[in-house]
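Now for the letters of each chain:
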Amino acid sequence: MNYHPKSDFMRVMFERGFVADCTDYQALDEALVKGVLPAYIGFDATATSLHVGSLIQIMMLRWLQTCGGKPIVLMGGGTTKIGDPSFRAEERPLLTDAQISANIEGIKQAFSAYVQFGDGPTDAVMVDNAEWLDALNYIGFLRDIGRHFSVNRMLSFDSVKSRLDREQSLSFLEFNYMILQAYDFLELHRRHGCLLQMGGSDQWGNIVNGVDLTRRVIGGEVFGLTSQLLTTSDGRKMGKTAGGAVWLNADRFSPYEFWQYWRNTTDADVGRFLKLYINRAKIVLATAVTTLLHGAEAAAAAEATARDVFEKGGIGEDLPTVTLEPAELAEGVGIVQLFVRAGLAASGKDAKRLIAEGGAKVNDEIVTDTALRYGAGHLAEPLKLTAGKKRHALVVLG
């Protein structure tokens, strides 16, 4: 895939290896750049906890929020009553309303560790599709929604076709699942302005149905994005052990067992899992390597400086520093010279190019004038120089 994303979210999805497929990469990317984009992932309530295989989808919601989008966590209180037949050999056991409600309460526990819920524009919301599915009028639903679906096309999706090819029974109840999931997207678009459905690549057919239905009924542009189905390097499905599933809830899988599961990750999988699951993987690496060479105290000080500069917008106490004496400031020192002396530009020409492209900042304000000069009066407080997003230096009065 040679597409180069413009939005932070799509850039992260590509760089960290999430993306399997998308209905329209460019149009989705442009929609993400325009403003806050609401997106959802659905989770059926088939157990009292999700297992670690669902973590890749939860991380997609987390990254969406981190990059300025609005996550919608959809609980499948309605669709669980049918069960997703995708790539299954047999029908799921039917659960009672009470079992489904108990499962939803259990599943909710994990999400607050990954996304922030609230009433703000990018705060996550949790909804239950039973709100609209339980109240459907069957005849009305068939007339308004069913007419948009081709049985021939539904039979062509791999999730259904593979089961029929094996001559395994597919009940009419299960066959309705993909219609109801598509209807979820339509309802979330109406109720929450949702523009994107995400899920694992095994949900591609269901997601495409939802995109098509919403476009047909509403007439607007909506999108689908799938992640890779995660397996370990030896081909095993993510989240399974000899003892059973690796659950996210502590009452089903203790924090110690959870830690041990990740501790036993094979070397071939470590880098991939760090990219998918750890926002601060590079910080962990930087701190560990710096500790080996310079000691824990120096590593902690460097991390604190970086946190102050990058996260809090502060000055930091451990940045490279240029000290200017009052005598050389009598006629002022040019901004181009400052960037060169600070090591943020290789030459005056390089510094001018950096300024012209909008990549130079002084005290977090973009500099556009290459003729700027600074005197002693400008250095009552240290000046913070920034080149690009990650290179900083200080200028102080000697």
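Conventions adopted
Residues numbered from 1 in each chain as written. Predicted model: local features only at pLDDT ≥ 70, side-chain atom pairs only at ≥ 80, totals over all residues. Heavy atoms only, no water. Helix = DSSP H or I, 4+ residues; strand = E, 2+ residues; numbered from the N terminus. Buried < 20%, exposed > 50% of the residue type's maximum accessible area, 1.4 Å probe, protein only. Contact = heavy atoms within 4.5 Å. Pairing = 2+ DSSP bridges. Arc of directions from axis to C-beta. Core = buried A, V, L, I, M, F, W, Y, C linked by side-chain atoms within 4.5 Å. Phe/Tyr/Trp six-rings, centres within 6.5 Å; stacked < 30°, edge-to-face > 60°. Axes fitted to C-alpha atoms, helices over the stretch in contact; angles between N-to-C directions. Parallel < 35°, antiparallel > 145°, perpendicular 65-115°, else oblique. Left-handed = near helix turned anticlockwise from the far one by under 90°. Nonpolar A, V, L, I, M, F, W, Y, C, P; charged D, E, K, R; others polar. Expected span 1.5 Å × (residues − 1).

**Describing the overall build of the chain**
Thinking step 1. Looking only at helices and strands, one finds 17 helices and 15 strands in the chain.
Thinking step 2. Overall size of the chain, expressed as C-alpha extent along the three principal axes, is 85 × 50 × 35 Å.
Thinking step 3. Burial status across the chain gives 45% buried among its 398 residues.
Thinking step 4. Put simply, 71% of the contacts in the chain that link residues at least 6 apart link residues at least 24 apart.

**A word on the sheet that holds strand E12 (residues 365-366)**
Thinking step 1. Across the sheet, which stays open at both edges, the five strands sit in the order E9-E15-E14-E11-E12 with mixed pairing between neighbours. Every other strand in the sheet has two partners, leaving strand E9 (321-324) and E12 as the edge strands with one partner each.

**Considerations on the pairing of strand E5 (residues 196-200)**
Thinking step 1. Counting buried residues in E5 gives five out of five residues, a clear majority hidden from the surface.
Thinking step 2. Relative to E5, strand E2 (residues 38-44) runs parallel, the two being bridged by two bridges. For Tyr40, the partnering residue across the bridge sits in E5 and is Gln197.

**A short note on helix H1 (residues 8-15)**
Thinking step 1. The complete set of buried residues in H1 reads Phe9, Met10, Val12 and Met13. Looking straight down H1, one finds its buried side chains confined to an arc of 160 degrees; they lie on one side.
Thinking step 2. Where the residues of H1 are buried, they touch strand E1 (19-22), helix H2 (25-34), helix H3 (55-66), E5 and strand E6 (223-227).
Thinking step 3. Within two residues after H1, Gly17 carries a phi angle of roughly 85 degrees, on the positive side.

**What about unusual backbone geometry?**
Backbone phi values are negative for most residues with the exception of glycine, while trans is the configuration of most peptide bonds.
Thinking step 1. If you check the backbone angles, Asn363 has positive phi at about 50 degrees while not being a glycine.
Thinking step 2. Locating Asn363 in the fold gives a position in the loop between strand E11 (360-362) and E12.
Thinking step 3. Assessed through its relative accessible area of 38%, Asn363 is described here as partly exposed.

**Comments concerning the pairing of E9**
Thinking step 1. Only one face of E9 is buried, namely the one carrying Val322 and Leu324, since none of Thr321 and Thr323 on the opposite face is buried.
Thinking step 2. Two strands pair when backbone bridges link them, and E9 and strand E15 (residues 391-397) are joined in this way by four bridges, in the parallel orientation. The partner of Val322 across the bridge, within E15, is Val395.

**Let's talk about the nonpolar core**
Thinking step 1. Residues Phe9, Met13, Leu28, Phe43, Met198, Leu225 and Tyr277 are the most contacted members of the largest nonpolar core, which totals 53 residues.
Thinking step 2. Considering each element in turn, this core owes the most residues, eight residues, to H3.
Thinking step 3. Counting 29 residues, the second-largest nonpolar core is a separate cluster that includes Val125, Phe141, Met154 and Phe175.

**Looking at the packing of aromatic side chains**
Thinking step 1. With the rule as written, the count across this model stands at nine aromatic pairs.
Thinking step 2. Ring geometry for Phe14 and Tyr25: centres 5.6 Å apart, planes at 40 degrees, overall tilted. Taken together, the positions of Phe14 in helix H1 and Tyr25 in helix H2 put the pair 11 residues apart, joining distant regions of the chain.
Thinking step 3. Note on Tyr25: relative accessible area 16%, which makes it buried.
Thinking step 4. Aromatic pair Phe43 and Phe111: ring centres 5.1 Å apart, planes at 70 degrees, arrangement edge-to-face.

**Considerations on the sheet that holds E1**
Thinking step 1. Spatially, the six strands line up as an open sheet ordered E1-E6-E5-E2-E3-E4, and their pairing is mixed. Strands at the two margins of the open sheet, each flanked by one partner only, are E1 and strand E4 (125-128). Between one strand axis and the next, the sheet turns through 25 degrees on average, direction left out of account.
Thinking step 2. Looking at chain direction, E5 and E6 are connected through five bridges and run parallel. Pairing of Met198 across the sheet is with Leu225, part of E6.
Thinking step 3. Running over the sheet, H1 touches E1, E5 and E6 and is turned about 30 degrees from E6.
Thinking step 4. With respect to the sheet, helix H4 (residues 97-111) is in contact with E2, strand E3 (70-76) and E4, its orientation differing from that of E3 by roughly 160 degrees.

**Considering the packing of helix H10 (residues 177-192) against helix H11 (residues 204-218)**
Two quantities define a packed helix pair, namely the angle between the helix axes and the distance between the axes.
Thinking step 1. The contact between H10 and H11 brings their axes to 8 Å, and the two run at 50 degrees. In terms of their interaxial angle, H10 and H11 are classed as oblique. Considering only the axes of H10 and H11, their crossing is right-handed. Where H10 abuts H11, its residues Tyr177, Met178, Gln181, Ala182, Tyr183, Phe185, Leu186, His189 and Arg190 lie against Asn206, Ile207, Asn209, Gly210, Val211, Leu213, Thr214, Val217 and Ile218.
Thinking step 2. A breakdown of the residues in the contact of H10 with H11 according to their chemical character gives 11 nonpolar, six polar and one charged.

**Focus on H10**
Because each turn of an α-helix spans 3.6 residues, side chains separated by three or four positions end up pointing in the same direction.
Thinking step 1. With 16 residues, H10 ought to run about 22 Å at 1.5 Å a step, and its terminal C-alpha atoms sit 22 Å apart, in line with that.
Thinking step 2. For H10, the tally of buried residues reaches 13 of 16 residues, placing the bulk of the element in the interior.
Thinking step 3. Positive backbone phi, at 65 degrees, marks Gly193, one or two positions downstream of H10.

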